[in-house]
Amino acid sequence: MKIITDESALADFDGDTPAHPDIFDHASRSVGAALAALAAARQGETVFSLMRPPGHHATSDRVMGFCYFNNIAIAALEALATGAKRVAVFDFDVHHGNGTEAILVDRPGAAFFSIHQHPCYPGTGTGDVGKNCFNFPVAPRTPRDEYRKVLTRALDGLKKFKPEIVFVSAGFDAYVRDPLAQETLEAEDFHWLGENVRTLGVPAVSLLEGGYSTALPDLIFAYLQGLAGK
Ligand SMILES: [Zn+2]
């Protein structure tokens, strides 16, 4: 067997996802933070992992789209493996969480809800997949009030599933001035999303996914304020 380390990697995984020095360690820590967030949520804490790299594009066998390990899917699987009977992933990153979907599709006890711009990277998520993956594609430049209606529809579906733990792929790239997409949300919409996650009334594990504007810290703060009921 030949073990390839970051020093000996010969090529990047793809154009978006380089074989950075020490990326294995960084990606492993991001997974570790997701698992720590799960433990904290189970203790009743309001929790958010700021760690990167993000994860929702990574499948079980493919690194892509800035994502190396699928932090949120790993944490959801860990919850199922340690007693949870019903878990849901709510993915409001502006890109489709194709990796999370690929890992959770038709997995008993899991459901996936993704709201994302289409057309946009990675091009998937145009319709529901399997029995448990529900996709809500949104056209570029959809007005905020329309976008919120779609988010509400996804949340309504999630509530009907009655998860005992919710995992949130919190990406902030549906922001109006994000350079990687063409959507319209403002900071107060992310506050509203935090409030909606809080009022689900079950442990919630929020992990940072995308978000590429200089306003990212403010957008995260708005979400945290909503999550904390402030
Ligand atoms: Zn994204």
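Below you will find a few notes about this structure. Values in this document were obtained by computation on a predicted structure and should not be read as measured data. The residue count restarts for each chain, going from 1 along the sequence in the order it is written. Totals for whole chains, interfaces and linings use every residue, but because this is a predicted model, local features are given only for residues with pLDDT of at least 70 and side-chain atom pairs only at 80 or more, for both listing and counting. Side-chain descriptors were evaluated using all non-hydrogen atoms of the structure, hydrogens and water having been removed beforehand.

### Regarding the sheet that holds strand E2 (residues 87-91)
Part 1 of the reasoning: Two strands are counted as paired when DSSP detects at least two bridges linking them. Under the scheme used here, helices are H or I runs from DSSP no shorter than 4 residues and strands are E runs no shorter than 2 residues, and both carry numbers assigned from the N terminus. Judged by pairing direction, the sheet is parallel, and its six strands sit side by side in the order E1-E6-E5-E2-E3-E4 without closing on themselves. Each of the sheet's edge strands pairs with one partner strand only, and the pair in question is strand E1 (47-49) and strand E4 (133-138). This sheet shows a mean twist of 15° between the axes of neighbouring strands, independent of strand direction.
Part 2 of the reasoning: In this sheet, E4 lies alongside strand E3 (residues 110-117) in parallel orientation, the contact comprising six bridges. Residue Phe113 lies in a different strand from E4, and its bridge partner there is Phe134.
Part 3 of the reasoning: The contact criterion used throughout is that any non-hydrogen atoms of two residues lie within 4.5 Å. Axis definition: a line fitted to C-alpha atoms, over the contacting stretch in the case of helices. Angles run 0 to 180 degrees between N-to-C directions. On top of the sheet, helix H6 (residues 216-227) reaches E1, strand E5 (165-170) and strand E6 (204-208); it is set at about 160° to E1, its chief contact.

### Details of the pattern of salt bridges
Part 1 of the reasoning: Only one rule defines a salt bridge in this text: a Lys or Arg side-chain nitrogen within 4 Å of an Asp or Glu carboxyl oxygen. Summed over all chains, the structure comprises five salt bridges.
Part 2 of the reasoning: Where Arg144 meets Asp189, a salt bridge forms, and the shortest distance between an N and an O atom there is 2.7 Å. Pair noted here: Arg144 is in helix H4 (residues 144-161) and Asp189 is in helix H5 (residues 187-198), with a separation of 45 residues, a long-range link.
Part 3 of the reasoning: Lys149 is paired through a salt bridge with Glu146; the nearest N and O atoms lie 3.4 Å apart.

### Topic: helix H1 (residues 23-42)
Part 1 of the reasoning: Taking 1.5 Å of rise per residue, the 20 residues of H1 would be expected to cover 28 Å, and the 29 Å separating its terminal C-alpha atoms lies within 8% of that figure.
Part 2 of the reasoning: Three exposure classes are used, based on accessible area relative to the maximum for each residue type with a 1.4 Å probe and protein chains only: buried under 20%, partly exposed in between, and exposed over 50%. Taken together, the buried positions of H1 are occupied by Ile23, Ala27, Ser30, Val31, Ala33, Ala34, Ala37, Leu38, Ala40 and Ala41.
Part 3 of the reasoning: On its buried side, H1 packs onto E1, helix H2 (71-81), E5 and E6.
Part 4 of the reasoning: Of the residues flanking the end of H1, it is Gly44, one or two places downstream, whose phi is positive at about 90°. For a helix, the expected span equals 1.5 Å multiplied by the residue count minus one.

### A few points about the coordination of the zinc ion
Part 1 of the reasoning: Ligation of the zinc ion by protein atoms is provided by Asp93 (OD), Asp93 (OD), His95 (ND1) and Asp173 (OD), these donors lying 2.0 to 2.7 Å from the ion.
Part 2 of the reasoning: For the zinc ion, the four donor atoms are set out with angles of 53 to 156° between them, so the coordination reads as irregular.
Part 3 of the reasoning: For Asp93, a relative accessible area of 0% puts it in the buried group. Think of the donor list as every N, O and S atom within 2.8 Å of the metal, or within 3.2 Å for Na, K and Ca; water never makes the list, so a site can look incomplete. Site shape is set this way: if four donors have all angles between 85 and 135 degrees, tetrahedral; if opposite donors are over 155 degrees apart and all others between 65 and 115, square planar for four donors and octahedral for six; otherwise irregular.

### Some details on the environment of Ala76
Part 1 of the reasoning: In this structure, Ala76 sits in helix H2.
Part 2 of the reasoning: For the pair Ala76 and Leu104, spaced 28 residues apart in sequence, the C-alpha separation works out to 8.8 Å.
Part 3 of the reasoning: Not counting chain neighbours up to four residues away, the residues in contact with Ala76 comprise Val87, Val89 and Phe167.

### Structural notes on the packing of H1 against H2
Part 1 of the reasoning: One way to put it is that H1 packs onto H2 with a least axis distance of 9 Å and a crossing angle of 45°. Here H1 is positioned oblique relative to H2, judged by the angle of their axes. In the packing of H1 onto H2, the handedness of the crossing is right-handed. Residue-level inspection shows Ala27, Ser30, Val31, Ala34, Leu35, Leu38 and Arg42 of H1 in contact with H2, the latter providing Asn71, Ile74, Ala75, Glu78 and Ala79.
Part 2 of the reasoning: Amino acid classes used here: Ala, Val, Leu, Ile, Met, Phe, Trp, Tyr, Cys and Pro are nonpolar; Asp, Glu, Lys and Arg are charged; the rest, including Gly, are polar. Grouping the constituent residues of the contact of H1 with H2 by class yields eight nonpolar, two polar and two charged. Working rule for angles: under 35 degrees goes down as roughly parallel, over 145 as roughly antiparallel, 65 to 115 as roughly perpendicular, anything else as oblique. Helix crossings fall into two classes, left-handed where the near helix is turned counterclockwise from the far one by less than a right angle and right-handed where it is turned clockwise.

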